[in-house]
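Notes for the structure review
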Amino acid sequence: MQGVDGHERVFDWLDTEAEKRAKAGLTRKLRPRAAASDELDLAGNDYLGLARDKRVAGAAAAAALRWGAGSTGSRLVTGSTELHTELEHELARFCGFQAALVFSSGFTANLGAVTTLSGGESAIVTDKYIHASLIEGCRLARTDVAAVAHADPDAVKHALSTRRKDRALVVTDSVFSVDGDLAPLNQLSQVCREHNAALLVDDAHGLGVLGEGGRGALNAAGLAGEPDIVATVTLSKSLGAQGGAVLGPRRVIKHLVETARSFIFDTGLAPAAAAAALAALGVLKSEPDLPQKVLNNSTRLADHLRGNGFRVSEPQAAVVSVQAPTPEDAVEWAARCAEQGVRVGCFRPPSVPDGISRLRLTARADLTDGDIDTAVKVISECAPPSATS
Ligand code: PMP
């Protein structure tokens with residue numbers, strides 16, 4: 001190949017950036033997990049323990065053999081199968097919405113929902129702690145975006161009343177992914193109605209955990225299926241599969257099919273993932289007490305850690321977060337836990353908007369009391385000295 005002197009240096013700036021991140025304790029590394037291991041997992045999002053459930057994984061395997069490993073095309077070309085249609089129908093019915101549209105991930109579902117329900121002369125008002133995928137959606141919407149105080153309906157009200165707009169969209173997570181706290185959905189819905197705004201709720205961490213039998217945070221709030229509310233979900237947490245979906249009024253779903261770029265120009269969800277999510281929904285319907293087990297476990301985990309002197313979030317879903325003194329402490333703490341056979345999540349800036357680093361723990365339904373006691377013991381032994389001060 002013909003070279004130009006110095007061309008090997010075009011990416012030198014990446015090393016400078018990496019050094020800066022290293023100095024700030026923000027280096028990130030991939031740690032592949034083993035297929036079979038004795039590690040106690042408190043880092044994943046498989047809240048109901050369904051990712052490896054034979055009914056779920058078996059459905060995925062059977063679908064791959066029947067339909068192929070991939071979906072072969074975008075949903076509007078060859079990427080829709082009867083599994084996608086059935087999943088959309090079942091998700092909408094289970095969560096109490098008119099219709100649903102399955103995307104290849106929760107991330108692309110959020111991009112599609114935010115961009116198509118805003119734009120142009122609209123205003124978007126968001127909680128400042130919404131998930132990164134919603135933030136990206138707001139950026140792509142190329143419209144007026146106000147990110148207001150966390151879980152504060154008055155701040156939303158103020159932002160809506162001070163904006164000139166033809167239409168408005170309020171965007172929030174139902175369960176915030178870092179601390180696991182809940183959005184005030186009823187108050188937000190009230191504010192939206194007073195200002196003729198639509199409400200978009202990312203229920204990634206609510207589906208399978210909150211509401212009747214795990215029907216989600218909007219079911220819990222009595223707001224599922226309302227004509228001015230749209231929900232997004234991921235299939236990759238409680239349902240143990242992969243993919244995402246938007247749920248809402250039929251005309252919203254039609255609008256997404258025809259205009260959402262992250263739907264139209266993306267390869268459809270793999271049939272195996274659609275089949276797995278369908279099977280997981282079936283399990284959830286037949287075992288409606290699974291969600292309560294998650295909540296019992298997160299409460300037990302948080303109580304015991306707090307009893308050992310840690311600063312712990314008040315869990316309202318599966319997520320329990322434990323504050324770390326510094327990002328470096330958080331990384332070292334998580335690494336020491338891993339050495340002792342307990343895998344915990346480690347959240348540092350920029351994943352945490354408030355700059356506070358944390359261990360992020362998830363309390364799955366299938367953890368035993370003994371698992372939780374072991375986790376608390378290991379986390380306590382591995383903690384940096386000032387974590388409990
Ligand atoms: N929203 C929230 C609140 C999430 O936590 C996540 C996953 N981390 C997503 C959306 C994205 O979902 P997915 O992983 O299916 O792309």
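Not measured: the values here are computed from a predicted model.

Moving on, we come to the sheet that holds strand β2 (residues 99-103). Judged by pairing direction, the sheet is mixed, and its seven strands sit side by side in the order β2-β8-β7-β6-β5-β3-β4 without closing on themselves. The sheet terminates laterally at β2 and β4 (144-148), the two strands that pair on one side only. Taking each pair of neighbouring strands and ignoring which way they run, the sheet shows an average axis angle of 20°. Two strands pair when backbone bridges link them, and strand β3 (residues 122-127) and β4 are joined in this way by five bridges, in the parallel orientation. Pairing of V125 across the sheet is with A146, part of β4.

The general pattern is negative phi for most residues beyond glycine and trans for most peptide bonds. Look at the link from P349 to P350: it is a cis peptide, with omega at 5°. Mapped onto the elements, P350 comes out in the loop between β10 (342-347) and β11 (358-362). A positive phi angle, near 50°, is found at A151, a position not held by glycine. Position of A151 among the secondary structure elements: in the loop between β4 and α6 (153-161). A positive phi is found at N196, a non-glycine position, where the angle reads about 55°. Looking at the secondary structure, you find N196 in the loop between α7 (185-194) and β6 (197-202).

Listing the buried residues of helix α9 (residues 250-259) in full gives V252, I253 and L256. The arc that holds the buried residues of α9, viewed along the axis, is 100°, so those residues lie on one side. Exposed and oriented more than 90 degrees from the buried face of α9 are R250, R251, K254 and E258. Looking at the buried residues of α9, the elements they touch are β2, α4 (106-116), β7 (229-234), β8 (244-248) and α10 (261-264).

Okay, the packing of helix α13 (residues 327-339) against helix α14 (residues 369-382) next. α14 packs onto α13 with a crossing angle of 130° between their chain directions and a minimal axis gap of 9 Å. The angle between α13 and α14 falls in the class oblique. Every pair of crossing elements has a handedness; the one defined by α13 and α14 is right-handed. Contact residues: W333, R336 and C337 in α13; V378, I379 and C382 in α14. Residues that form the contact of α13 with α14 fall into these classes: five nonpolar, no polar and one charged.

Another point: the packing of α4 against helix α5 (residues 132-141). At a closest axis distance of 8 Å, the pairing of α4 and α5 adopts a crossing angle of 35°. The way α4 lies across α5 gives a crossing that is right-handed. Residue-level contacts link G106, F107, N110, L111, A113, V114 and T115 of α4 to S133, L134, E136, G137, C138, L140 and A141 of α5. Its residues assigned to classes, the contact of α4 with α5 comprises eight nonpolar, five polar and one charged.

As a further point, take the domain arrangement of the chain. Often the size quoted for an interface is simply the accessible area lost on bringing the parts together. Domain parsing of the chain yields domain 1 (54-286) and domain 2 (289-388). Here the C-alpha centre of domain 2 lies 27 Å away from the C-alpha centre of domain 1. Each partner contributes to the interface: domain 1 provides 17 residues, whereas domain 2 provides 17 residues. Class assignment for the residues of the side of domain 1 that touches domain 2 results in seven nonpolar, seven polar and three charged.

With that settled, consider the pairing of β10. By the bridge criterion, three bridges tie strand β1 (residues 40-42) to β10 in an arrangement that is parallel. Bridge pairing in β10 places L42 opposite V344. Two strands pair when backbone bridges link them, and β10 and β11 are joined in this way by three bridges, in the antiparallel orientation. Bridging across to β11, C346 finds its partner in L359.

Next up on the list: helix α1 (residues 12-23). Taking 1.5 Å as the rise per residue, α1 with 12 residues should run 16 Å; its terminal C-alpha atoms sit 17 Å apart, in good agreement. Backbone geometry just downstream of α1 places G25 in the positive-phi region, at approximately 70°.

This part takes up the site of the ligand. Among the 14 residues in the neighbourhood of the ligand, the closest are listed as S105, G106, F107, A204 and T234. In terms of residue class, the shell around the ligand is built from two nonpolar, 10 polar and two charged.

Here we come to the UniProt feature "domain: Aminotransferase class I/classII large" (unreviewed entry) in the chain. Sites flagged by UniProt as "domain: Aminotransferase class I/classII large" (unreviewed entry) map to residues 38-379. Taken end to end, residues 38-379 is 42% helix and 17% strand, and its two terminal C-alpha atoms sit 17 Å from one another.

Below, the discussion takes up the sheet that holds β11. Think of a sheet as strands paired side by side through backbone hydrogen bonds, with each pair either parallel or antiparallel. Here we have four strands laid out as an open sheet, ordered β1-β10-β11-β9, and mixed in their pairing. The open sheet is flanked by β1 and β9 (319-323), the only strands paired with a single partner. Taken pair by pair, the neighbouring strands of this sheet meet at an average axis angle of 30°, ignoring direction. Contacting β10 and β11, α13 runs over the sheet at an angle of about 165° to β10.

Turning to the confidence of the model for the chain, a few remarks are in order. Residue-level pLDDT values for the chain average 95, and 99% of them are 70 or greater. Interface confidence in the predicted complex, given as ipTM, is 0.99; pTM for the same model is 0.95.

Conventions and cut-offs
- Residues numbered from 1 in each chain as written.
- Predicted model: local features only at pLDDT ≥ 70, side-chain atom pairs only at ≥ 80, totals over all residues.
- Pairing = 2+ DSSP bridges.
- Helix = DSSP H or I, 4+ residues; strand = E, 2+ residues; numbered from the N terminus.
- Axes fitted to C-alpha atoms, helices over the stretch in contact; angles between N-to-C directions.
- Buried ≥ 20, exposed ≤ 12 C-beta atoms within 10 Å, placed from the backbone.
- Arc of directions from axis to C-beta.
- Contact = placed C-beta atoms within 7 Å.
- Parallel < 35°, antiparallel > 145°, perpendicular 65-115°, else oblique.
- Left-handed = near helix turned anticlockwise from the far one by under 90°.
- Nonpolar A, V, L, I, M, F, W, Y, C, P; charged D, E, K, R; others polar.
- Domains from an automatic or database assignment.
- Expected span 1.5 Å × (residues − 1).
- Near = placed C-beta within 6 Å.
- UniProt positions renumbered as here; feature names shortened; annotations may be inferred.
- pLDDT = per-residue confidence, 0-100.

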